[in-house]
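Each chain, letter by letter, is given below.
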Amino acid sequence: MLLVAVAVIPAWSVTDKEMDQARAIAAKFYLRWANNGSGYLDDVNPKSMAELSSKLKAKEKENIKAFNAVKVPSAAEYAKWDKQKLADFWAGTAFQTPGLNAEGRGGRSKARKLIMEMKVSAPAKEAPKPETPKPETPKPEAGAVEAEEAVVADTIIGTMAEVGDAPAAGDEILKDQQQMEKDAADASMKEPEQSHTWVYILVLAILVGVVIWLVVYAANLMKRQPGSDDEEGESAELRAQAKKAIARKNEELEDMRKRLQAEESRSADLGAELEKMKLECKRAEDKVAQLREENMMLRNNAAIQQQRREAAPVAAAAAQASPARQEATAAPRKPTVAGAKPAEPAQAPILKVIYLGRANARGIFVRADRKINAGNTIYRLDTNDGLVGTFHVVDEPEVVDVALANPSEYLANGCVGEDLQDTLGVTRIITESAGTAIFENGYWKVLRKTKVRYE
């Protein structure tokens, strides 16, 4: 017989008293958080709602009305709860009820802590289920077996007597028959155990099937392994095709390498040609700059010659004037005293004026004009003999604007001063000391730069 053991299933049962105590704890912390002035509740540890209500002040009695509206489950429902479910309801579900004070909901964490510290009734145990006896195979009655054995024995003895050996053979056969009956009875007692033999046979058959499947799978796997003649032939063909493909790619790479070398050689030739052209272009630019300077010198020389030609008629007319007129216009002479030195002639009061452009890096003024040429004139040169003169920056708004637009180009080669590049807010260029220039080889050249400052 097989005995069936029944497991004991715990059944927690929350009582009405425990339910009321958990409700009172939750209500206390709701009221405490809903009103900051309810500090007196910290000393109250209620065991029931009635005990809590008896200790409330007017404000808390008003606030507890919303908490009393929380829907409480039936006794049949919470009778199946454990301590965790009890805490989940009064510290979770109850605090989510609509209509509660939002600040009062902050007390749920402390309510949960105290509820989890409560003692809940011990679990009840279910009675074990009674064993179900299995039916037994009925045993044959002893009297019937003995009667049957006697009949069989008599038959066997009678038969053996006819052949002349009845007594000994009958006893032996009788004993065999009794042994067979006994074995049959034992077999009937073990029938319940033999009834499960088919399960073992089925399991064995499944295992044999799994083994057969594994053998077949291994055989197929071995066939797929490389090494057979067909697969070796296919592998050789694939290797040959791969070699051919690699050879073609190598040829293509070699061809591309040669083309790349040709392009690099061509690029190098083009680079050399470009450098050559750049050099020729630089030489051409230098030639153009030289021609421009020579042209400017010629223009300066022409301007000076023009001034000299214009001044010549005036000097000739003055020389041809009559002596009488010269005496009339001349100042009275003092009597000559013996041993006294003659008086030195007075210097000419009028200076020759030339307006010069900017000076280049070699200190040569690039142009000369008789009048201010807007956009080009920078300096004014004063000279007595047309060979040496002094120059300074023209203090005119149009000249100052041009000079300040690019001090490096218009001022740096003819002037010195502090922070010539700092032109922010400058309106005038003041000359502190004039520079000196000389006329040679047909152009004016800086001997000493003029000193300036900004205003």
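Our structure's up above, just so we're on the same page.
As a convention, each chain's residues are numbered from 1 in the sequence order in which they are written. The predicted nature of this model means local features are confined to residues of pLDDT at least 70 and side-chain atom pairs, given and counted, to a pLDDT of 80 or more, with totals for whole chains, interfaces and linings taken over all residues. The side-chain numbers reported here are obtained from all heavy atoms of the structure, hydrogens and water having been left aside.

Trainee: Would you mind showing me how to read the packing of aromatic side chains here?
Mentor: For any pair of aromatic rings, geometry is given as the distance between the ring centres together with the angle between the planes. Two rings belonging to Phe, Tyr or Trp (six-membered ring only in the last case) form a pair when the distance between their centres is within 6.5 Å. Interplanar angles under 30 degrees mark stacking, angles over 60 mark edge-to-face geometry, and anything in between is tilted. Considering all chains together, one arrives at 11 aromatic pairs under this definition. Here tryptophan 81 and phenylalanine 89 contribute two aromatic rings whose centre-to-centre distance is 5.5 Å and whose plane-to-plane angle is 45°, an arrangement assigned as tilted. Pair check on accessibility: tryptophan 81 and phenylalanine 89 agree, each one buried. Consider the rings of phenylalanine 365 and phenylalanine 391, whose centres lie 5.2 Å apart with planes at 75°: the pair is edge-to-face. Type-normalised accessible area, obtained with a 1.4 Å probe on protein chains alone, sets the label of each residue: buried when under 20%, exposed when over 50%, and partly exposed for intermediate values.

Trainee: Looking at this structure, how should I read the pairing of strand β3 (residues 379-383)?
Mentor: Runs of E in the DSSP output that reach at least two residues are strands. Runs of H or I that reach at least four are helices, and both are numbered from the N terminus. The buried count for β3 comes to four of five residues, which makes it a mostly enclosed element. For two strands to pair, DSSP has to find at least two bridges joining them. Here five bridges tie strand β1 (residues 352-356) to β3, and the two strands are oriented antiparallel to one another. In the strand pairing of β3, valine 353 is matched with aspartate 382. Of the pairings in the sheet, the one linking β3 to strand β4 (residues 388-393) comprises five bridges and is antiparallel in character.

Trainee: Whenever I open this one, the side chain of glutamate 60 confuses me. Can you help?
Mentor: Structurally, glutamate 60 can be placed in helix α3 (residues 58-68). When charges are counted, neither His nor the chain ends are considered; positive counts come from Lys and Arg and negative counts from Asp and Glu. Think of a salt bridge as a Lys or Arg side-chain nitrogen and an Asp or Glu carboxyl oxygen that are within 4 Å of each other. In this structure glutamate 60 is buried but unpaired, with lysine 57 as the nearest side chain of opposite charge at 6.7 Å. Setting aside its immediate chain neighbours within four residues, glutamate 60 contacts Leu31, Asn35, Ser38, Tyr40 and Leu41. Residues are treated as being in contact if the distance between any of their heavy atoms lies within 4.5 Å.

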